[in-house]
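Remarks on the overall topology
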Amino acid sequence: MRDLVLNNGPLLVWSITVINAVIFVLFAVRFAKRKEAISVCSMLMTFGLFYDALIMAVGSFYTGAFLEPLSQLRFVSHGALVPLLFPICAYGLGAKKKILTAVWIFTGVVIAAGIVRGFATELEIREIAGIVRYAGSDATPVWADTISSVLSFGTVLPLIVCGIAAWVKNKTPYLFLSGFFMFVFAALGPATGNMDINAFISMIGEVLMMLFILLYCDKVYKNRKNS
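Figured I'd write up the structure that's included with this text. What you are looking at is a predicted structure, and each value in this text was computed from that prediction instead of being measured. Just so you know, the residues in each chain are numbered from 1, in the order the chain's sequence is written. Residues qualify for local features only when their pLDDT is at least 70, as the model is predicted, and side-chain atom pairs are given and counted only at 80 or more; totals for whole chains, interfaces and linings, by contrast, use all residues. Just so you know, side-chain values use all the structure's heavy atoms and leave hydrogens and water out.

1. Notes on the pattern of salt bridges
- What makes a salt bridge here is a side-chain nitrogen of Lys or Arg within 4 Å of a carboxyl oxygen of Asp or Glu, nothing more. In total, this model carries 6 salt bridges according to the counting rule given.
- Of the charged contacts, one joins Arg2 and Asp196 as a salt bridge, the two residues approaching to 2.7 Å between their closest N and O atoms. In this pair, Arg2 is assigned in helix α1 (residues 2–7) and Asp196 in the loop between α9 (174–192) and α10 (198–226), connecting sequence segments 194 residues apart.
- Between buried and exposed lies partly exposed: a residue is buried under 20% and exposed over 50% of the maximum accessible area for its type, with that area taken using a 1.4 Å probe on protein chains only. For Asp196, a relative accessible area of 34% puts it in the partly exposed group.
- With a shortest N-O distance of 2.4 Å, Arg30 and Glu36 are connected by a salt bridge. Neither Arg30 nor Glu36 differs from the other in exposure class; each is buried.
- Each of Arg30, Arg34, Glu36 and Asp218 takes part in a single network of salt bridges with overlapping partners. The secondary structure listing takes helices from DSSP runs of H or I that are at least 4 residues long and strands from runs of E that are at least 2 residues long, numbered from the N terminus.

If you want it as structure tokens, here you go:
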């Protein structure tokens, strides 16, 4: 995989950008037709992943002054939108109103922390696989790195747990597979000593995560329609 990423960085990132755009449109269409809260949450989260991939893709040909502030917004949008996985889990399990209210309050707190973390992240320029990008540097405060870790794994682990519950309840593994693939690809870089290309590997997991959430929404909607 390492050689594949290093030799095809721009192609990989542009492909992921396009796929994220398609998934975003599909969620938008779902929301327009069915007005499901899970669809709008997923749509917003997919937009954040699209923006993240787009700015990385832009780094394949543009290295000017605007790349840094645009990259800072990558971290801000990540902190603001990734916590939407919590209500996505709640809606996916058909949680009652009181639970949804509690989940949204908790999500709001995490979003606020994520946005602050995004602005507090100190950036440094890096170049690998034909792409110039800004990433978090060692000058970033420890508390901001801690929030980053929570956003990376503290959101995916509940998705896996809720996915198992949804598998039992709705007879479909899609929500579980969403969290499972995101966890695997997020851990793959560190586990194989490829931290320098971990951003590229994680992006593959993000695409699979949102794709399986989309498949889950379609499956559950059909089951409810036929019941």
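2. Some remarks on helix α8 (residues 156–170)
- Helix span is expected to be 1.5 Å times the residue number reduced by one. Here α8 is 15 residues long and its end C-alpha atoms lie 20 Å apart, about the 21 Å a rise of 1.5 Å per residue gives.
- Within α8, burial applies to Val156, Leu159, Ile160, Cys162, Gly163, Ala166 and Asn170.
- Immediately downstream of α8, the backbone of Lys171 shows phi near 60 degrees, a positive value.

3. Some remarks on the nonpolar core
- In terms of nonpolar packing, the biggest core is built from 41 residues, with Phe27, Phe200, Met209, Met210 and Ile213 touching the most fellow members.
- When residues of this core are traced back to their parent elements, those giving at least two are α2 (9–34), α3 (37–58), α5 (85–92), α8, α9 and α10.
- With 11 residues, α10 is the single largest residue contributor to this core.
- Residue contacts follow a heavy-atom distance rule, with two residues in contact if any of their heavy atoms lie within 4.5 Å. Each residue touching Met209, except ones within four places of it in the same chain, is listed here: Met45, Leu49, Leu85, Leu159, Ser178 and Met182. By convention a nonpolar core is built from buried Ala, Val, Leu, Ile, Met, Phe, Trp, Tyr and Cys residues, the set being connected through side-chain atoms within 4.5 Å.

4. Some remarks on the pairing of strand β2 (residues 131–136)
- Burial analysis of β2 places 5 of its 6 residues in the buried class, which makes it a mostly covered element.
- Summarising the sheet, strand β1 (residues 123–128) and β2 pair through 6 bridges and their orientation is antiparallel. Bridge pairing links Glu127 to Val132 in β2.
- The pairing criterion for strands is at least two bridges between them, as found by DSSP. Where β1 folds back onto β2 in an antiparallel hairpin, the turn is made up of 2 residues, including Ala129, whose phi is positive at roughly 55 degrees.

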